[in-house]
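Chain residues, written in single-letter form:
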Amino acid sequence: MSNSLKTLELQAFIGPKLSTVISQGQIVFLTGSSGSGKSLLLRAIADLDPHKGEVWFNNQKAMDTHPTIWRKQVGYLPPNSFWWDDVVANNFDNCEDALVYMEAMDLPKEAFDWQLMRMSTGEKQRMSIVRLLSNQPKVLLLDEPTANLDPKTVRAVESMIIEYTKKNNCSVIWVSHDLDQVKRVAHRHLAIDEKQISEKPL
Amino acid sequence: MSIISLGPAQLALASILVISLAVISTLQQLGIAKRLLVAAARTAIQLTMVGFILKALFETSDLTWITLVAFIMLAIAGREVMFRQERRFSGVWGFGIGTTSMFLSSFFITLLALNFIINPSPWYTPQYAIPMLGMMLGNTMNSISLGLDKLTHEAWREKGTIEARLVMGHSWQEAILPFRKAALRTSMIPTINAMAAAGLVSLPGMMTGQILAGNPPQTAVQYQILIMFMVTAGAGFGAMLATWLGAKRLFDERHRLRLDRLHPPPS
């Protein structure tokens, strides 16, 4: 299977082991209590921490791919958004590609000129999702992308991600605590319980 | 003009100044007396010992001994750099990064100055080599410890922004560059301040010493300018190298930010 994400005995520190294949277009939810190691697994797939086991994308092993190329393909959204410049636009590599997602997130084009200090947590969160998608990743690793958003915006983010996934044949791992969201969006559901990861029926 | 020599009686009189500072601070319950007295005692003992060592060294003028003294000075400076870090690199890197950078910049520039600018005969004449190396090491030590401390502090505090760049597919070099800049700027503040203020705000210590020792001010000034340029280059190149090595050590070959390579600060 091309364009699929595959993990083999993947383990971050002493967390649970993950062996799974996520095919193109598939959105897999990962749930579990706080501290169960969900975020660490996403970080391991993005190769941000040392880890055990293997990750493959498109028949290529993470360790055989240059890390900067790997992370462009395998896009990770951290739970909190971080910015390295005070002005929004300077935090983007490609503003042109971001415009379509800005519109979907109900952010005006002028938002590129905004000062980050003046933006709300919710605005920053939406903007960070825009930034992630503008990089055109083939895999999305989303760590509670809608945790700080109002219900209407949550739905907007969900439909934008679903559309992006369809259009680009993405594989998605989505960490969430919201079981209603799992019902709305997930194609599959993996749950961490007692250091074991198991497939849950939807 | 002959030099007025000082004896133990004069130094004892001077020490009354420090002792009275200690007494008054104790009366005010400010609690610096102990550290102050220990530091003052260290100054007196260390400098007296160094006086003997230098006297012996100047008499032998033996390259082996001069080299040995130079490396002992380097090791002590390297240890100082390490202990001045709030979050120092663990393992051999804590000592290695600062010491290597200090060695390369200080020794290289001192050798350059001795062989091509001052030209004493032989080039390692200890009256020139040892004090000059000391000035270089002292200043490079300051700049490197400031630079490394700023770098590791920023990397710790800005973990989120650094990783935000890494996940966008930026390289470690790009992700750390703003903090390397900040670290270099911090490391150069004392040297740049000293150059800017030289002669206007303060008479530099070396020049003051030469003038007190009876040398004509012009000679003292020329030596001071030479030393300041050397010190600036040494501090700058040393800090540049140290912050580059430090930045490289903060990441692994997979461009991951590895804060686990730093010691937590002493509580």
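Remember, predicted model here, so these are calculated numbers, not experimental data.

Draft legend 1. The overall build of chain B, seen in detail. From N to C terminus, chain B includes 9 helices and 0 strands. Put simply, chain B runs from its N terminus to its C terminus through helices and strands in the order α-α-α-α-α-α-α-α-α. With the C-alpha coordinates aligned to their principal axes, the bounding extent of chain B is approximately 70 × 55 × 40 Å. Sorting the 267 residues of chain B into buried and exposed places 33% on the buried side. At a minimum sequence separation of 6, the contacts of chain B that also span at least 24 residues come to 74%.

Draft legend 2. Quick look at the environment of glycine 78 of chain B. Residues and elements named next belong to chain B. Inspection of the secondary structure puts glycine 78 in helix H3 (residues 63-83). For glycine 78, a count of 23 C-beta atoms within 10 Å corresponds to the buried category. C-alpha separation for the pair glycine 78 and proline 131, spaced 53 residues apart in sequence, amounts to 18 Å. Not counting chain neighbours up to four residues away, the residues in contact with glycine 78 comprise Phe95, Gly98, Thr99 and Met102.

Draft legend 3. Geometry of the pairing of strand S8 (residues 171-175) of chain A. All names here are of chain A. Most of S8 sits inside the fold, with 5 of its 5 residues counted as buried. Neither face of S8 is exposed, since Ser171, Ile173 and Val175 on one face and Val172 and Trp174 on the opposite face are all buried. In terms of strand pairing, strand S3 (residues 27-31) meets S8 through 4 bridges, oriented parallel. Across the sheet, residue isoleucine 27 finds its bridge partner in S8, namely valine 172. Running through helix H5 (residues 151-168), the crossover from strand S7 (residues 139-143) to the neighbouring parallel element S8 is right-handed.

Draft legend 4. A look at the interface of chain B and chain A. Contact with chain B, which involves 15 residues of that partner, is made by 16 residues of chain A. No other element matches the 7 residues that helix H6 (residues 159-167) of chain B contributes to the side of chain B that touches chain A. Its residues assigned to classes, the side of chain B that touches chain A shows 5 nonpolar, 6 polar and 4 charged.

Draft legend 5. Region of interest: the domain arrangement of chain B. Residue and element names in this part refer to chain B. Per the domain assignment, the segments making up chain B are domain 1 (1-60) and domain 2 (62-261). Relative placement of domain 1 and domain 2: their C-alpha centres are 27 Å apart. Listed per partner, the contact involves 7 residues of domain 1 and 9 residues of domain 2. Split by residue class, the side of domain 1 that touches domain 2 holds 5 nonpolar, 2 polar and no charged.

About the criteria used
- Residue indices begin from 1 for each chain and proceed along its sequence in written order.
- Each chain gets a letter, beginning with A, and each ligand a number, beginning with 1, in the order they are written.
- For this predicted model, a pLDDT threshold of at least 70 governs which residues receive local features, and a threshold of 80 or more governs which side-chain atom pairs are given and counted, while totals over whole chains, interfaces and linings are taken from all residues.
- Each helix is a run of DSSP H or I of at least 4 residues and each strand a run of E of at least 2, with the numbering of both proceeding from the N terminus.
- The exposure label follows from counting other C-beta atoms within 10 Å of a residue's C-beta, where the C-beta atoms are placed from the backbone and the thresholds are 20 or more for buried and 12 or fewer for exposed, leaving partly exposed in between.
- Any two residues are considered in contact once their C-beta atoms, placed from the backbone, lie within 7 Å.
- Pairing between two strands requires that DSSP report at least two bridges joining them.
- Clockwise travel from the first strand over the helix to the second, with the strands pointing away from the viewer, marks a crossover as right-handed.
- Any residue that is not Ala, Val, Leu, Ile, Met, Phe, Trp, Tyr, Cys, Pro, Asp, Glu, Lys or Arg is counted as polar, Gly included; the first ten are nonpolar and the last four charged.
- Segmentation of the chain into domains, including their bounds, is taken from an automatic or database domain assignment.

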